[in-house]
Amino acid sequence: EAQVTQNPRYLITVTGKKLTVTCSQNMNHEYMSWYRQDPGLGLRQIYYSMNVEVTDKGDVPEGYKVSRKEKRNFPLILESPSPNQTSLYFCASGILSIGGSYNEQFFGPGTRLTVL
Amino acid sequence: AQSVTQLDSHVSVSEGTPVLLRCNYSSSYSPSLFWYVQHPNKGLQLLLKYTSAATLVKGINGFEAEFKKSETSFHLTKPSAHMSDAAEYFCVVSAIETSYDKVIFGPGTSLSVIP
């Protein structure tokens with residue numbers, strides 16, 4: 001089954017304790033992205049990757065890191081989490097259309113993170 | 001710079017009546033436009049997309065949207081609402097700006113369907 005998987009689905013942690021949220025897709029997509037969803041703000045893009053070893057900042061990259069060493073994986077790293085990073089996080093992968101603008105994104109089920 | 005405005009944060013309709021969810025965008029470049037739906041406690045699912053082909057786009061579950069460049073709008077419609085349509089709907093714009101690809105989500109419209 002074509003899908004984007006995220007782990008863990010739920011995480012409660014404390015301020016300053018490094019954590020990684022994994023994301024994996026089995027559709028051979030070039031494009032991958034991380035978003036956070038907060039009430040009233042919709043989804044905001046954190047980082048995205050157009051291909052292996054190519055990553056770029058989205059709108060809200062502060063406090064986050066990513067890496068793209070393999071096409072299928074795009075982990076999100078919080079080196080020193082803070083309470084304002086409490087949010088619902090979505091990973092997505094997508095097909096790059098001709099011309100480079102992404103075409104359609106497929107979303108993972110989400111990771112609900114609470115930082116105390 | 002790109003932006004997306006969803007004109008209603010909440011829309012309530014009766015079952016069997018038409019649905020209209022409004023979206024206006026701003027983009028300096030030729031955009032791709034999308035509507036996604038998010039059911040409670042679920043991920044996002046693509047409803048439909050506009051990528052510079054036909055301006056009237058048909059999606060899943062009977063939804064349609066029309067791209068109107070002169071009005072910079074991409075409103076989502078459905079002739080007859082069903083209870084299962086109750087969800088959050090997001091309008092999304094994407095375009096290549098300078099050297100990178102940019103994706104902007106609207107704040108979302110919550111659709112309620114009254115029996």
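Definitions and cut-offs
- Residues numbered from 1 in each chain as written.
- Chains lettered and ligands numbered in written order.
- Predicted model: local features only at pLDDT ≥ 70, side-chain atom pairs only at ≥ 80, totals over all residues.
- Heavy atoms only, no water.
- Contact = heavy atoms within 4.5 Å.
- Salt bridge = Lys/Arg side-chain N within 4 Å of Asp/Glu carboxyl O.
- Polar contact = N/O pair within 3.5 Å; in protein donor to acceptor, adjacent residues only side chain to side chain.
- Helix = DSSP H or I, 4+ residues; strand = E, 2+ residues; numbered from the N terminus.
- Nonpolar A, V, L, I, M, F, W, Y, C, P; charged D, E, K, R; others polar.
- Phe/Tyr/Trp six-rings, centres within 6.5 Å; stacked < 30°, edge-to-face > 60°.
- Core = buried A, V, L, I, M, F, W, Y, C linked by side-chain atoms within 4.5 Å.
- Buried < 20%, exposed > 50% of the residue type's maximum accessible area, 1.4 Å probe, protein only.

Explain the interface of chain B and chain A to me, using residue names and the numbers behind them.
Facing 23 residues of chain B, the contacting portion of chain A comprises 24 residues. Our enumeration of links across chain B and chain A arrives at zero salt bridges. The interface formed by chain B and chain A holds two residue pairs in polar contact (both at pLDDT 80 or more) in total. Mapped by element, the contributors of at least two residues to the side of chain B that touches chain A are β5 (32-38), β6 (44-50), β10 (87-97) and β11 (100-105) of chain B. Among the elements that take part in the side of chain B that touches chain A, β11(B) stands out by supplying six residues, more than any other. When grouped by side-chain class, the residues that make up the side of chain B that touches chain A number 13 nonpolar, six polar and four charged.

Residue-level account of the packing of aromatic side chains, with values.
Any pair of aromatic rings gets described here by the distance separating the centres and the angle formed by the planes. Following the criterion strictly, the structure yields 14 aromatic pairs over all chains and no others. Aromatic side chains A:Tyr64 and A:Tyr89 sit 5.9 Å apart centroid to centroid with 65 degrees between the ring planes, which places their arrangement in the edge-to-face category. One end of the pair, A:Tyr64, is in the loop between β6 (54-57) and β7 (65-66); the other, A:Tyr89, is in strand β9 (residues 87-96), and 25 residues separate them in sequence. Site record: aromatic cluster; members linked through ring pairs are A:Tyr35, A:Phe90, A:Phe107, B:Phe34, B:Tyr36, B:Phe90 and B:Phe105.

Can you explain the side chain of A:Gln105? Please cite residues and give values.
Turning to its location among the elements, A:Gln105 is positioned in strand β10 (residues 102-107). A polar contact of 3.0 Å, which involves the side chain of A:Gln105, links it to the side chain of A:Tyr35. Beyond its immediate sequence surroundings of up to four residues, A:Gln105 is in contact with A:Tyr31, A:Ser33, A:Tyr35, A:Ala92, A:Ser93, A:Gly94, B:Tyr36 and B:Val103.

Describe the nonpolar core, listing the residues and the values that go with them.
Membership of the largest hydrophobic core comes to 27 residues, with the highest contact counts inside it found for B:Trp35, B:Leu48, B:Leu76 and B:Tyr89. For this core, the element with the most residues is β10(B), which contributes four residues. Counting residues in each nonpolar core, the second largest holds 19 residues, with A:Leu19, A:Cys23, A:Trp34 and A:Tyr47 among its members.

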